[in-house]
Amino acid sequence: MVATFNESLKQPIVGVALGGGGLRGTAHIGVLEILRSKGLQIDMVAGTSAGSIIAVLHALGWTPKNMISFLSEVTITDYVDHVANVKTLLLMATKGVLDRFSLPHRWLPPTPLGLIRGRKFEKLLCRLTGDQSFYQINFPLLVTATDICSGRLVCFCPPGLVQQLDRMRPEIIFSSDSSLAQAVRASTAIPGIFHPVIWQGRLLVDGGVKNNVPSDLLHWAGADLVIAVDLGFDSESSEKIDTILEILIQSLDIMGQTTTEIRLEQTADVVIKPRTGSASLTDLTKVPQMIEIGRQAALDAWPEITLLLQNFAKRRSRVLPHPF
């Protein structure tokens, strides 16, 4: 005689990986809005670059409505502080020419490592996060950055995850020794555009250089169901790519796309792909459009997510021998 042990009500641990993509990352807000409206409980979140901003806000309890309201008040001057002037640009050009011909230039004064300091942006992030650190949050949050000197991935997360993941993936630097604001600032430091973040003697840049959609981190952290949001890259005509910023962002997206697709195939259960088109970092008028595209992409993916949830429930329902 057997008794049925029904665990169908037990929900899987759901992780959501939010990828990079500049201003197009606001599409993540629309994705989260739909997932929450469907009653899906998100148990852990990982973010890279633009995705790290939304991931941190979600971990702190911000709703998509809160995020949309905040974005409606943001202006370019709130997060952009250029370092470029004629003297600086001439000095950077001179060093570039000397480098090209392998000539020494240490006698020249130091030049900025990016066109945007990032101080304003980090102050804005400090205000949004209450200047909290990873030691102060309970939510499983993972934020990626890249050590530009060693090429290693850096992952900021709460101490419990550091202990768990450090043994599993020694090639990755896991740490809780950062404020949330500093981690996001590092994760979004587009090489050549934003100054790198100096952290424990390392130069950190955009996490997308190494891992643009960190679904694998959630997989290793113990998520049963991994939903990845991949913004990919949008092919553009030469007329639309007319600034160094657009060239750098497009180059990063293209370089990382192949490895991203392989990683998602191996570690993501569902991949949501909002078709955002293009948007520069300063084109804030496109934010509502990006959010709506994220909503639609999540709605399109919802039947697949529902099926996976149902299959998980069936797997959890099993027949056990009667204890007597």
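Criteria and thresholds
Residues numbered from 1 in each chain as written. Predicted model: local features only at pLDDT ≥ 70, side-chain atom pairs only at ≥ 80, totals over all residues. Heavy atoms only, no water. Buried < 20%, exposed > 50% of the residue type's maximum accessible area, 1.4 Å probe, protein only. Helix = DSSP H or I, 4+ residues; strand = E, 2+ residues; numbered from the N terminus. Arc of directions from axis to C-beta. Phe/Tyr/Trp six-rings, centres within 6.5 Å; stacked < 30°, edge-to-face > 60°. Lys NZ or Arg CZ within 6 Å of the ring centre and 35° of its normal. Axes fitted to C-alpha atoms, helices over the stretch in contact; angles between N-to-C directions. Parallel < 35°, antiparallel > 145°, perpendicular 65-115°, else oblique. Left-handed = near helix turned anticlockwise from the far one by under 90°. Contact = heavy atoms within 4.5 Å. Salt bridge = Lys/Arg side-chain N within 4 Å of Asp/Glu carboxyl O. Lys, Arg positive; Asp, Glu negative; His and termini not counted. pLDDT = per-residue confidence, 0-100. Nonpolar A, V, L, I, M, F, W, Y, C, P; charged D, E, K, R; others polar. Pairing = 2+ DSSP bridges.

(A) Fine view of helix α1 (residues 27-37). Along α1, eight of the 11 residues are buried, which leaves the element largely enclosed by surrounding structure. Among the residues trailing α1, Gly39 stands out with phi positive, at a value near 85°.

(B) Here's a closer look at helix α6 (residues 159-168). For α6, the full list of buried residues reads Leu161, Val162 and Leu165. When α6 is viewed along its axis, its buried side chains cluster within an angular range of 100° and face the same direction. Of the exposed residues in α6, those oriented more than 90 degrees away from the buried face are Gln163 and Arg167.

(C) Highlighting the packing of aromatic side chains. Taken as a whole and assessed by the stated rule, the structure comprises four aromatic pairs. Taking 6.0 Å as the distance between ring centres and 90° as the angle between the ring planes, the aromatic pair formed by Trp62 and Phe70 counts as edge-to-face. On the accessibility criterion, Phe70 (16% relative accessible area) is buried. Cluster of aromatic residues (ring-pair linked, three or more members): Phe134, Phe156 and Trp199. Over the face of the ring belonging to Trp220 we find Arg169, whose NZ or CZ atom lies 4.1 Å from the ring centre.

(D) Fine view of the packing of α1 against helix α3 (residues 64-71). For the pair α1 and α3, interaxial distance at closest approach is 9 Å and the crossing angle is 155°. By the angle between their directions, the pair α1 and α3 is classed as roughly antiparallel. Taken as a pair, α1 and α3 cross one another with a handedness that is left-handed. Contacts from Ile29, Leu32, Glu33 and Arg36 in α1 reach Pro64, Met67, Ile68 and Leu71 in α3.

(E) A look at the pattern of salt bridges. Taken as a whole and assessed by the stated rule, the structure comprises six salt bridges. As a salt-bridge pair, Glu33 and Arg295 come within 2.2 Å of each other at their nearest N and O atoms. Highlighted residues: Glu33 in helix α1 and Arg295 in helix α10 (residues 287-316), separated in sequence by 262 residues. The partly exposed category is assigned to Arg295, whose relative accessible area is 21%. Across the pair Arg295 and Glu292 runs a salt bridge, and its minimum N-O distance is 2.8 Å. Of the two residues, Arg295 and Glu292 both sit in helix α10, three residues apart, roughly one turn of that helix. Sharing partners across several salt bridges, the network here consists of Glu33, Glu292 and Arg295.

(F) Here's a closer look at the side chain of Arg185. Structurally, Arg185 can be placed in helix α7 (residues 180-187). Among buried charged residues, Arg185 stands out as having no salt bridge; its nearest opposite-charge side chain is Glu122, 4.3 Å away. Dropping the residues within four chain positions of it, Arg185 is found in contact with Arg117, Gly118, Phe121, Glu122, Leu125, Phe194, His195, Pro196 and Val197.

(G) Expanded view of the confidence of the model for the chain. For the chain, the average pLDDT comes to 86, and 82% of its residues sit at 70 or higher. Here residues 1-9 is modelled with pLDDT under 50, and outside its nearest four sequence neighbours on either side it reaches 17 contacts, counting other chains as well. The low-confidence segment residues 319-324 (pLDDT under 50) makes eight contacts with residues lying over four places distant or belonging to another chain.

(H) Structural context of the packing of helix α2 (residues 50-59) against α7. The geometry of α2 relative to α7 is characterised by a closest axis approach of 8 Å and an angle of 160° between their N-to-C directions. The angle between α2 and α7 places the two elements in the roughly antiparallel class. Between α2 and α7 lies a crossing whose hand is right-handed. Between α2 and α7, the residues in contact are Ser52, Ile53 and Val56 and Leu180, Val184 and Ser187, respectively. A per-class count over the contact of α2 with α7 returns four nonpolar, two polar and no charged.

(I) The arrangement of the pairing of strand β5 (residues 141-147) in detail. Most of β5 sits out of view: seven of its seven residues are buried. Neither face of β5 is left uncovered, since the one carrying Leu141, Val143, Ala145 and Asp147 and the one carrying Leu142, Thr144 and Thr146 both have all their residues buried. As paired elements, strand β3 (residues 44-48) and β5 share four bridges and run parallel to each other. Among the inter-strand pairings, Ala46 is bridged to a residue of β5, identified as Leu142. Between β5 and strand β6 (residues 153-156), which pair antiparallel one after the other, the connecting turn spans five residues, and Gly151 there sits at a positive phi close to 80°. With three bridges joining them, β5 and strand β10 (residues 202-206) adopt antiparallel strand pairing. The partner of Asp147 across the bridge, within β10, is Leu204.

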